[in-house]
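Close look at the chain arrangement
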Amino acid sequence: MEQFPNYDLEYVIDDFYDMSDFDDDPFEGTESHRDGVGGSLDSEFEDDFELTKPKTDTSAIEARKGKDIQGIPWERLNFTRDKYRETRLKQYKNYESLSHSREELEKECKEVEKSHSFYDFQFNTRLVQSTIVHFQLRNLLSTTSKHDVYLMQNYSVMHWSSLLRRGKEVLNVAKPVVPTLKCPGSLAQIVSRVQISSITVRDNLLVAGGFHGELICKELNQSGIAFSTKITADENAITNSVDICHNPNGSLQVMTANNDAQIRVFDAGNFTCLSGFTFPWCVNNSSVSPDGRLLAVLGDSAECLLADAQSGKIVGNLKGHLDYSFASAWHPDGRILATGNQDTTCRLWDIRNMSKSVAILKGRMGAIRSIRFTSDGRFLAMAEPADFVHVFDTQSDYSQAQEIDLFGEIAGVSFSPDTEALFVGVADRTYGSLLEFNRRHCNHYLDSLF
């Protein structure tokens, strides 16, 4: 991936919003916010806070009555939402690392009906607001239940309770992070002012990767930080992705993918480094198959790799993408791998026949930078860098989809483990927020009661 953070993200406010147009403060009733990672080093958040719903937040009831789900006051602007969407589609420039023609690619893409609704809007809050360190890295959101969401906000990892409608800071990396776990062979060291580039949460373990090669691990039921270190002294050492997975024996492991072309595997108990694999190019993303045997390796190449997760030996080449890849996800059955690319597509691969992708799913205007399957395998969500999240029904062979249309940079997407909720983090100076959607259920048996 590119070796620089993006300080010029295309914010909605820069496009059309003039603060002088409004008599009221759009952040009245909310906590103040900072732009980017350059704000005050001290945490702005109390250990715990609870506020009544501010007017900048939006509920499902308000949305049904006509309020914009992000609280954008279209009625007070000089143009409609539809007109602004039309302008965005025309003016948006997708970032490409390799030049390529999209005409032939679009002919190969699957025809999809996008008028379906699988997840209904439930709530939008600005009490927590995602921030992005690097424009190509958008895995900054993770859920552990339909009520528990973790997201990156400046120098803090925040926990949002959708049940209590309140946020809490669980990790502050502006000040020195001192690891508490001391084990023989551990590479633990103090880190500070970490610009978090990737996070994930699983089995009560929070793992965060940093822009300068940092790795931080925290047990959520314990105080302090269990482990922190700088993985490498290489100046090109961004921790592009982190993953928590089980090996074939069931042991929990932490895996990092770095810009120094290496993947490293750590024991999730004592955090010793178990192994490291080197590849021909910067590794932007990696993910382990549900059975723990295969490792998907994506990076600064149009080609994606499959490797043995224990030895790192390459066992397959996935050819078809036209640019660099930054996202991957495994279907729970372990047979289908989804890869997201800067060529604006997500490809689906059947690992039993890797000669050609089985389907190509097209985005609306930008690269595919985040991909998630539901735990039951029913839905696949893929997020573009801005404005669009697509939810595909796998039972329709991915031919039916829901298109979630919003405005702003997307920091990440995540389904709850029970599949009941979908969360979307939006990074924007004015409209940064966390969007919640709830799974729609068709209770046909109720029809017989009327």
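That block above? That's the structure.
Here goes a summary of the coordinates provided. None of the values given here were measured: they were computed from a predicted structure.

1. So, the side chain of Thr 344
- Relative to the helices and strands, Thr 344 is located in the loop between strand 20 (336-341) and strand 21 (345-350).
- Here the side chain of Thr 344 touches Lys 362 through a polar contact of 3.2 Å, side chain to side chain.
- Those residues in contact with Thr 344, other than ones at most four positions away along the chain, are Asn 94, Arg 102, Leu 361, Lys 362, Gly 363, Gly 366, Ala 367 and Ile 368.

2. A closer look at the packing of aromatic side chains
- Across all of its chains, the model carries 11 aromatic pairs by this definition.
- Relative to Phe 407, the ring of Tyr 84 lies with its centre 5.0 Å away and its plane at 50 degrees, an arrangement referred to as tilted. You can see Tyr 84 sitting in helix 3 (residues 81-91) and its partner Phe 407 sitting in strand 26 (residues 400-415), a full 323 residues away along the chain. Pair check on accessibility: Tyr 84 and Phe 407 agree, each one buried.
- A ring pair is formed by Tyr 95 and Phe 135, whose centres lie 4.8 Å apart and whose planes are at 80 degrees; its orientation type is edge-to-face. In this pair, Tyr 95 sits in the loop between helix 3 and helix 4 (103-108) while Phe 135 sits in the loop between strand 2 (119-125) and strand 3 (141-145), placing the two residues 40 residues apart along the sequence.

3. Digging into empty space enclosed by the protein
- The full count for this structure, using the stated rule, is 2 cavities of 30 Å³ or more.
- Space inside the second largest cavity adds up to approximately 30 Å³.
- Lining the second largest cavity are Gln 136, Leu 137, Arg 138, Asn 139, Asn 240, Asn 284, Phe 326 and Arg 369.
- By residue class, the composition of the lining of the second largest cavity is 2 nonpolar, 4 polar and 2 charged.

4. Topic: helix 3
- Within helix 3 the residues assigned to the buried category are Tyr 84, Arg 85 and Arg 88. Seen from one end, helix 3 has its buried residues packed into an arc of 105 degrees, which puts them on one side. Opposite its buried face, helix 3 presents the exposed residues Asp 82 and Lys 90, each directed more than 90 degrees away.

About the cut-offs
- Residues numbered from 1 in each chain as written.
- Predicted model: local features only at pLDDT ≥ 70, side-chain atom pairs only at ≥ 80, totals over all residues.
- Heavy atoms only, no water.
- Helix = DSSP H or I, 4+ residues; strand = E, 2+ residues; numbered from the N terminus.
- Polar contact = N/O pair within 3.5 Å; in protein donor to acceptor, adjacent residues only side chain to side chain.
- Contact = heavy atoms within 4.5 Å.
- Phe/Tyr/Trp six-rings, centres within 6.5 Å; stacked < 30°, edge-to-face > 60°.
- Buried < 20%, exposed > 50% of the residue type's maximum accessible area, 1.4 Å probe, protein only.
- 1 Å grid on protein atoms, 1.4 Å probe; cavity = no way out; pocket = protein on both sides within 12 Å on 5 of 7 lines; lining within 4 Å.
- Points joined across faces, edges and corners; volume = space filled by probe spheres on them.
- Nonpolar A, V, L, I, M, F, W, Y, C, P; charged D, E, K, R; others polar.
- Arc of directions from axis to C-beta.

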